[in-house]
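# Chain and residue survey
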Amino acid sequence: MKINRLLFLSVLMLCLSVAVNAQFPRFKVLAFYSNRVEKDHVDFAKAAVFFFKDLTKGNGFVFDTTSNMADLNDEKLKDYSLVMMLNDFPHSPAQREAFQKYMENGGGWFGFHVAAYNDKNTKWPWLLDFLGGGVFYRNNWPPMPAKVTFDDLNHPVTKGLPETFISPINEWYQWKPSPREKKNIKVLVSLSPDNYPLGLKDIIPDGDLPVVWTNTDYRMIYVNMGHDENVFGDATQDKLIIAALRWVVATDKKGNVFEKK
Ligand code: ZN
């Protein structure tokens, strides 16, 4: 009798745990990348796909990838909680329009490194506003590690992280004007002035350099890391990247998939 009761309890516990797990719907991410860009940026995209796919193991979330920017259309995007831009950005008017519509209707965006690149030839005012108004100004070369500091350790993306750490090798971008000047931009991580002058060939001598930020009018996060495969493998930085993904997904207007119903 005792064994039967134990067996019954075990089965009951198993059923309950399956039922509890089933309450967390899987979310879907669509990552865009290009193979026809700077080699280091292609290397980053490959490493990123490996990194994020690894996070899906055990029947986790759906991480789809595409190198076809034409997939940026209403029909394709409708089921995705998050669009990731690994080393590219929308190009044609149709792609730009679909992306803007997706974001204005509550879509999620996680952009790395060159995803925020824009200059006088970009001619897309909406994107500039979305990113906080900063036009690409200058970069360091060669790519180098740098000390970064956290602006707010109470945000879900940064909670539990140290006040500062040495971020792995990256090409750091500086923007003009700094996105920090916009009221709807919340900067979470900045490059420490301790790094200046940063670079051996191309030098960033001074100035404000936000590294991770969000535009509070949208579900979005921008992370300047993303130059090559060195970006992954540092525990602090990996944790930051995972928290960024989780936060954008958690704020989906359909509900927080990480919370029990
Ligand atoms: Zn780069």
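Further up the page is the structure itself.
Now for a description of the structure that goes with this document.

Conventions used here
Residues numbered from 1 in each chain as written. Predicted model: local features only at pLDDT ≥ 70, side-chain atom pairs only at ≥ 80, totals over all residues. Heavy atoms only, no water. Donors = N, O, S within 2.8 Å, 3.2 Å for Na, K, Ca; no water. Tetrahedral: all angles 85-135°; square planar, octahedral: opposite > 155°, others 65-115°. Helix = DSSP H or I, 4+ residues; strand = E, 2+ residues; numbered from the N terminus. Buried < 20%, exposed > 50% of the residue type's maximum accessible area, 1.4 Å probe, protein only. Phe/Tyr/Trp six-rings, centres within 6.5 Å; stacked < 30°, edge-to-face > 60°. Lys NZ or Arg CZ within 6 Å of the ring centre and 35° of its normal. Polar contact = N/O pair within 3.5 Å; in protein donor to acceptor, adjacent residues only side chain to side chain.

## Let's talk about the coordination of the zinc ion
Protein-derived ligands of the zinc ion are His41 (NE2), His113 (NE2), Glu171 (OE) and His227 (ND1), with the metal-ligand distances lying across 2.1 to 2.2 Å. Geometry at the zinc ion is irregular, judged from its four donor atoms and the angles of 98 to 144° they form at the metal. Along the chain, the residues donating to the zinc ion are arranged with the sequence spacing H-x71-H-x57-E-x55-H. Separated by 56 residues along the polypeptide, Glu171 in the loop between strand E7 (164–170) and strand E8 (173–176) and His227 in the loop between strand E11 (219–223) and helix H6 (235–250) bring together distant segments of the chain. Residue His227 is classed as buried on the basis of its relative accessible area, which comes to 0%.

## Things to note about the packing of aromatic side chains
Counted according to the given criterion, the structure contains 30 aromatic pairs. With 6.4 Å between their ring centres and 85° between their planes, Phe61 and Phe63 make a pair best called edge-to-face. Across this residue pair, the class does not change: Phe61 and Phe63 are buried. Following the ring pairs from residue to residue traces out a cluster consisting of Phe27, Phe44, Phe51, Phe52, Phe61, Phe63, Phe110, Phe112, Phe232 and Phe258. Across from the ring centre of Tyr80, 4.9 Å away, lies the NZ or CZ of Lys28, which sits over that ring.

## A short note on the side chain of Asp43
Its place among the elements puts Asp43 in helix H2 (residues 39–54). Within the structure, the side chain of Asp43 is placed 2.7 Å from the side chain of Lys39, a separation counted as a polar contact.

## Quick look at unusual backbone geometry
Going from Trp141 to Pro142, the amide bond is cis rather than trans, its omega being 0°. Examined against the element boundaries, Pro142 turns out to sit in the loop between strand E5 (135–139) and strand E6 (144–150). The peptide bond linking Lys176 to Pro177 adopts the cis configuration, its omega dihedral lying at -5°. Despite not being glycine, Lys123 has its phi angle at roughly 50°, a positive value.

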